[in-house]
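# Observations on chain architecture
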Amino acid sequence: MDSALIPKGVKRCSLGKFTLVIAVAGAVLLWGVYAMLLCWIKGLNQTNMNNYYGFALWIWADLAVIALGGGAFFTGFLKYIVGKDELKHIINYAVLIGFICYSSALLILAIDIGQPLRGWFIFWHANIHSMLTEVAFCLTCYFGVLTIEYVPLVLENRQLNKVPFFHNLAHNMHGIMAVFAATGAFLSFFHQGSLGGVAGVLFGRPFGYREGVFAWPWTFFLFTWSAAAYGPSFTLMCTKILEKASGKQLVKDNVVDLLAKISGWMILTYIIAKIADTIYWALVTAPSKGHTLMDFYSNNPVYGIWILVLEIVIGGIIPAIILVTPRTRRNGYLRMAAIILGVIGVCANRWVMVLQVMAVPVMPFDFWAMYYPSWQEVATTILPVAYGIILIALSYRYLPIFPQEPELNPVD
Amino acid sequence: MKKAVDHTKPKRYGMVIDLDKCTGCGACMVACFAENNIPFKKDESEKLLSITWMRVYKLSNKKKYPDTDICYLPRPCMHCEGHEGHSPCVSVCPATVTDYSTETGIVSQIYTRCFGCRYCMAACPYHARYFNWWDPIWPKGMEKMLSPDVSVRMRGVVEKCSFCYHRYQRAKDKAYVEGRPDIEEEEYQTACTQACPARAITFGDLNNPKHKVYELKQDPHAFRLLERLGTNPKVYYVSSREWVRKSGDNYLRHEEPGHIETKH
């Protein structure tokens, strides 16, 4: 029924099966929208946040999706600026994932603020000293760049592309995409960094605080580096999930291998910097504020030293070793395991830099604050996942996302 | 009518709280509620959702009888000066809602500009900032008793102790009308200071040698909360008890930390 919209040379599942997938994801999406409306209409009392937990699940989700969406800017940087031409076979998907991640981040932020109608004050009354101001400006600008990168893909739909204006527009936009890729890389450097700076500048919170260079704490650079490192891994993970769901190989092994190798080396260099940062923080920064490392990992029911091991060893060192070693990287199972561990590692890092910062007591007579999210928080955090599944499903079905798909899966 | 404006020396309003005098009666908290139109709910049992600009903490030396000892510690906003006015909350606010006044040393909060991102709450190590999780609902008739000098805050914004800034404005207006260049110490006092039956709280200009706080802050037993963080707070505490003074900051083992209670 919708065959006229499906790209030439590829085969898609029946419309009925496709509609069922959309309906299931749509139901989850509606659940999230309901929770979102509750938060907007009734206020943030619908959450389990409190005066000790001003930042909670949403801010973690925000930081996590932005880190994972880092695959878009870094893959674009590698393809258009560094000249890794093989990556043109996966760049569309990286852009789509980035678009989903960043639009989700903006939506989550809109739910998270107490007065959503005043959200524009962050631009109007901007405080240039605030990391959050930098986040808001760069995030919004980069979302604009991602939209510009995604639009030509939409215009390549079989029917839309028949319109001469759309055809020419898409063609010309592709021609100048290097400019947008460079702009995106520049903007991403700042907003990924400033998200790291959000916790790093909190000199009243010794767990999050880091020294640094000029106005930028070390977490500024670590966040940018980790997004560039783990973002491509997430792109590869999503590619594998879509390949499983569609039952087809969508990207050639050499492309996957190249991106996995780059991701691995980035993770390795990042994790070395992260270990150095952790050692300096544990031996110099925290003691200067009267804390030992174990003050941050004891006397509470959740945050033990295990989380540091999860973040650095399991989610950092192990995936880095697997991905930089050619033999293990070329083993599909090990590569996938490394990618998943890496995604868990970067999510754990963002969790720690948001939730644990709030949990650690600072006044000696204060207590560890524990928190669990309300169903409204969980639903609104799952909402972007459902939205992402729908947008990926629609884009995969109707747009030529994977240029190698017709060659890898010839239609009889 | 136009009068000459005298540019007086910048002030640094602050407090000195004598913890040996504080009985933990909570009168300061009640006075603060009434003075500043602080909203409350029917059920205030979940303290992490309560708004208490002034909050009294209970500290213990955690020793067994007969050596057991407790101390009550009133905690308003510390109006941190940080380094050259970069207090923890001021520098992080993305919409310039909160500001450090170099004229008074008071950290302000513009409620109508706050959009509720709560970054300032994350930045404050004293938990002195509170979010309005609900719209304020006053018991019937009580809305007529609200102070007209303090704006009522709406749901979704952050609020905190202002050192009763409206009282400063009122005192300044009065002095202006009377043709005086400056206000006297007793003309500007916070509600908690005046309500304290034990006179544990003293308020004034920390820069002014004529004000009591100027001398009190130099007491050898005076300390500030979490000084090591560099927040540079303007609330001083005084206690003759060593364990109380050491409860004011974090210390490493070899720095001989005091015995403190983690529950309150």
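What you see is a predicted model, and the numbers here were worked out from it, not measured in a lab.

## Focus on the packing of helix H9 (residues 218-246) of chain A against helix H13 (residues 332-359) of chain A
Residues and elements named next belong to chain A.
- Contact geometry for H9 and H13: axes closest at 9 Å, N-to-C directions at 140 degrees. It follows that H9 is oblique to H13 by the angle criterion. Once H9 is placed against H13, the crossing between them reads as left-handed. Contacts between H9 and H13 involve Thr 219, Ser 226, Tyr 230, Ser 233, Phe 234, Leu 236, Met 237 and Lys 240 from the first element and Met 336, Ile 339, Ile 340, Gly 342, Val 343, Val 346, Asn 349 and Met 353 from the second.
- Counted by class, the contact of H9 with H13 contains ten nonpolar, five polar and one charged residues.

## Thoughts on the interface of chain B and chain A
- On the chain A side, the residues contacting the 47 residues of chain B number 40 residues.
- Broken down by secondary-structure element, the contributors of at least two residues to the side of chain B that touches chain A are strand E2 (55-60), helix H2 (88-92), helix H3 (119-123) and strand E6 (129-131) of chain B.
- Among the elements that make up the side of chain B that touches chain A, the one with the highest residue count is H3(B) (four residues).

## Details of helix H1 (residues 15-42) of chain A
Residue and element names in this part refer to chain A.
- Counted at 1.5 Å a residue, the expected span for H1 with its 28 residues is 40 Å, and the 39 Å between its end C-alpha atoms agrees.
- Three or more residues of H1 are buried, namely Leu 29, Gly 32, Ala 35 and Cys 39.
- At its buried positions, H1 is contacted by helix H4 (91-112) and helix H14 (375-398).

## Some thoughts on the sheet that holds strand E9 (residues 222-223) of chain B
All names here are of chain B.
- Read from one edge of the open sheet, four strands run E8-E1-E10-E9, paired in mixed fashion. For this open sheet the edge positions go to strand E8 (201-205) and E9, each flanked by a neighbour on one side alone.
- In the sheet, strand E1 (residues 13-18) pairs with E8 via five bridges, with the strands oriented antiparallel. When the sheet's bridge partners are listed, Val 16 is paired in E8 with Thr 202.

## Structural notes on the nonpolar core
- Core analysis: the largest hydrophobic core is formed by 193 residues, its most contacted members being A:Leu96, A:Tyr230, B:Ile17, B:Val92 and B:Cys120.
- B:Cys120 has contacts with B:Cys89, B:Val92, B:Cys93, B:Thr98, B:Arg129 and B:Val158, leaving out every residue within four places of it along the chain.

## Focus: the confidence of the model for chain B
All names here are of chain B.
- Of the residues in chain B, 94% have a pLDDT of 70 or more, and the chain-wide mean is 93.
- Overall, residues 257-264 carries pLDDT values under 50, and its contacts beyond four positions in sequence, including any with other chains, amount to 25 contacts.
- This complex was scored by the predictor with a pTM of 0.93 and an ipTM of 0.94.

Reading the values: the criteria
Residues numbered from 1 in each chain as written. Chains lettered and ligands numbered in written order. Predicted model: local features only at pLDDT ≥ 70, side-chain atom pairs only at ≥ 80, totals over all residues. Axes fitted to C-alpha atoms, helices over the stretch in contact; angles between N-to-C directions. Helix = DSSP H or I, 4+ residues; strand = E, 2+ residues; numbered from the N terminus. Parallel < 35°, antiparallel > 145°, perpendicular 65-115°, else oblique. Left-handed = near helix turned anticlockwise from the far one by under 90°. Contact = placed C-beta atoms within 7 Å. Nonpolar A, V, L, I, M, F, W, Y, C, P; charged D, E, K, R; others polar. Expected span 1.5 Å × (residues − 1). Buried ≥ 20, exposed ≤ 12 C-beta atoms within 10 Å, placed from the backbone. Pairing = 2+ DSSP bridges. Core = buried A, V, L, I, M, F, W, Y, C linked by C-beta atoms within 7 Å. pLDDT = per-residue confidence, 0-100.

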